[in-house]
Amino acid sequence: MAQGYLRTTLLVFSLLFLTASMYAEAQRPNRRTRKVYTSPEVIKAEQDSIVRLTTVEFAEEDNIESHSIIKPRTNTLQQIDSALALWQRSTTLEAYEEYFNGFVSAANNIDTTLKTSNMDSIYVARLEALMSPVPLEYNYEVRAAIERFISPNYSKIMGLAYYYFPMIEEELINAGIPIELRTLAIVESGLNALATSGKSAKGLWQFIPSTGRNYGLEINSLVDERCNPRLATRAACRYLKNMYAQYGDWTLAIASYNCGPGNVNKAIVRSGGTVSDYQGSFWDVYNMLPRETRNYVPLYMGATYAFAYHKAHGVEFDLPPMPLAVDTIMINRPMHLEQISSTIDIDLALLKMLNPEYILDIIPATTKSYPLTLPVEKISDYVLNEQAIHAKDSTYLKEFVIEANLEKKRQQAPPATYYTVRRGDTLGAIANRYGRTVKQIMTWNGIKNANAIREGQRLRVSPQ
């Protein structure tokens, strides 16, 4: 009987233990339940991300938790180019914004230290703060130039610096000369790659044909490399470097860029100096130089001041009409710009703006290669559609291979350009904006008094 009681007791305890175990197991979370984890987005871009990542979930039979694998999705070349263009544009604007804001701070510190409203004292201190390798003097002529360039009328011209100055600075650095010389292009052409003077000077750096050819620029019926911003800048760097080697002074080198070394040498001799060992500067021969050159160097100094300190005067530069991110492709066969614009999504007017050296819109690459400048986001489009572009040779080039058609095209004048006068405009500012002279605009519009223009007046600013 005792043995039967013991067996019964053990059976009861076993049942209780088993029941407790089953209950505990029922309360425990299922260890095999899948836990899903979604990986975060790795790269986010405003225009089609460069790489997007997707998460694939899985659980092995014996694993407690699931794992994530990162699987890259291939992006198109166009998407990569678009992201690169966006990055280049934003970094360019940010870099210049930081540069300009630095001079706003410098101006504020100077104003606080001086505690004066005398603009002459303020201009002097601010010019000294620029610390330029090119000596920046201050006098009445320089003040007049400063006040000219800090006018809101010049915001459009100065805004072109966003496009041209990164390239100009690169070439100046490569040539080993001061990057502060960049603002000379503002004085020369108003940063207009097609600017033409009455003396047949042309382009961003206003080379006359003979000087352009002497410095390696091709000039013929189809190509005028004086209008190629990079090649013309390269030639200007060589010229300025040669003039500095001759005079040992940047103000004289700048003066010679305007009037030529012959006139500078005459001014030195008339001032009692000797050209071979002259130690003076532009200001020492000022009165012996041509009138235009006497204004030229102060204009350079005024443009240099305005570029750095325009924000301190409440002026903001306009953004340029051309894209800030561009690249070049070398073309090794004849091509019309319209072949490109009709094949890939790019406006012909923009294509001409980026390639101003091609007079008849033809790249005459028969015996050598020529550069084609495109927005960065269009480089892949061009490469992928190159065969389709070439297939249009017979359509767009046939009328140009016959000399008579070429001559007809040369004589076709572009439509006239007009400008509507705004409040505060002057004829001089309008002329400079379009690379013209005041006399030209007065002649084209029958104006007898340069000060008689009025707001709302429509002026013709091109020959035809």
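Residues numbered from 1 in each chain as written. Predicted model: local features only at pLDDT ≥ 70, side-chain atom pairs only at ≥ 80, totals over all residues. Heavy atoms only, no water.

A. Representation of the overall build of the chain within the structure. Counting its regular elements, the chain contains 20 helices and eight strands. Relative to its 464 residues, the chain shows a buried fraction of 43%. Restricting to contacts in the chain with at least 6 residues of sequence separation, those with at least 24 account for 64%. Counting every atom, the chain has about 25500 Å² of accessible surface; 53% of that belongs to carbon and sulfur. (Helix = DSSP H or I, 4+ residues; strand = E, 2+ residues; numbered from the N terminus. Buried < 20%, exposed > 50% of the residue type's maximum accessible area, 1.4 Å probe, protein only. Contact = heavy atoms within 4.5 Å. Areas by Shrake-Rupley, 256 points an atom, 1.4 Å probe, with all protein chains shown as cover.)

B. Representation of helix α12 (residues 291–309). Helix length check: α12 (19 residues) gives 28 Å between terminal C-alpha atoms against 27 Å at 1.5 Å per residue, within 8%. Burial analysis of α12 places 15 of its 19 residues in the buried class, which makes it a mostly covered element. (Expected span 1.5 Å × (residues − 1).)

C. Representation of the layout of surface pockets. Taken as a whole, the second largest pocket encloses approximately 1100 Å³ of empty space. Secondary-structure elements contributing two or more residues to the lining of the second largest pocket are α4 (140–149), α7 (184–189), α8 (209–214), α10 (250–259), α12 and α19 (427–433). Of the residues in the lining of the second largest pocket, the class split is 17 nonpolar, 17 polar and six charged. (1 Å grid on protein atoms, 1.4 Å probe; cavity = no way out; pocket = protein on both sides within 12 Å on 5 of 7 lines; lining within 4 Å. Points joined across faces, edges and corners; volume = space filled by probe spheres on them. Nonpolar A, V, L, I, M, F, W, Y, C, P; charged D, E, K, R; others polar.)

D. Summary view of the nonpolar core. Residues Phe149, Tyr164, Ile168, Leu181, Leu191, Trp205 and Tyr300 are the most contacted members of the largest nonpolar core, which totals 82 residues. Per element, the largest residue contribution to this core is eleven residues, and it comes from α12. Ile331, Leu337, Tyr358 and Ile363 belong to the second largest nonpolar core, which has 20 residues in total. (Core = buried A, V, L, I, M, F, W, Y, C linked by side-chain atoms within 4.5 Å.)

E. Representation of the packing of aromatic side chains in the model. Scanning the model with the defined rule gives 28 aromatic pairs in all. Seen from their ring centres, tyrosine 99 and phenylalanine 307 are 6.0 Å apart, and the 35° between their planes marks the pair as tilted. With a gap of 208 residues between them, tyrosine 99 in helix α2 (residues 77–114) and phenylalanine 307 in helix α12 connect regions that are remote in the sequence. Among the residues examined, tyrosine 99 registers a relative accessible area of 30% and is labelled partly exposed. Classification of phenylalanine 307 as buried rests on a relative accessible area of 2%. (Phe/Tyr/Trp six-rings, centres within 6.5 Å; stacked < 30°, edge-to-face > 60°.)

F. A look at the side chain of serine 281. Position of serine 281 among the secondary structure elements: in the loop between α11 (261–270) and α12. Leave out the neighbours within four places in its chain, and serine 281 touches Asp249, Thr251 and Leu252.

G. Representation of the environment of valine 223. Within the fold, valine 223 resides in the loop between α8 and α9 (229–247). Counting along the chain gives 136 residues from valine 223 to isoleucine 359, while the straight-line C-alpha distance between them is 5.7 Å. Not counting chain neighbours up to four residues away, the residues in contact with valine 223 comprise Glu218, Glu357, Tyr358, Ile359, Pro364 and Tyr370.

H. A look at the packing of helix α3 (residues 119–129) against α4. The geometry of α3 relative to α4 is characterised by a closest axis approach of 11 Å and an angle of 85° between their N-to-C directions. By the angle between their axes, α3 is roughly perpendicular relative to α4. Along its contact with α3, which presents Met119, Asp120, Tyr123 and Leu127, the element α4 presents Val142, Arg143, Ile146 and Glu147. (Axes fitted to C-alpha atoms, helices over the stretch in contact; angles between N-to-C directions. Parallel < 35°, antiparallel > 145°, perpendicular 65-115°, else oblique.)

I. Here's a closer look at unusual backbone geometry. Although it is not a glycine, methionine 131 adopts a positive phi angle of roughly 50°. Phi is positive for serine 200, which is not a glycine, with a value near 70°. Locating serine 200 in the fold gives a position in the loop between α7 and α8. Judged by its relative accessible area of 44%, serine 200 falls in the partly exposed class.

So far we have only geometry, and geometry alone does not tell us how the molecule works.
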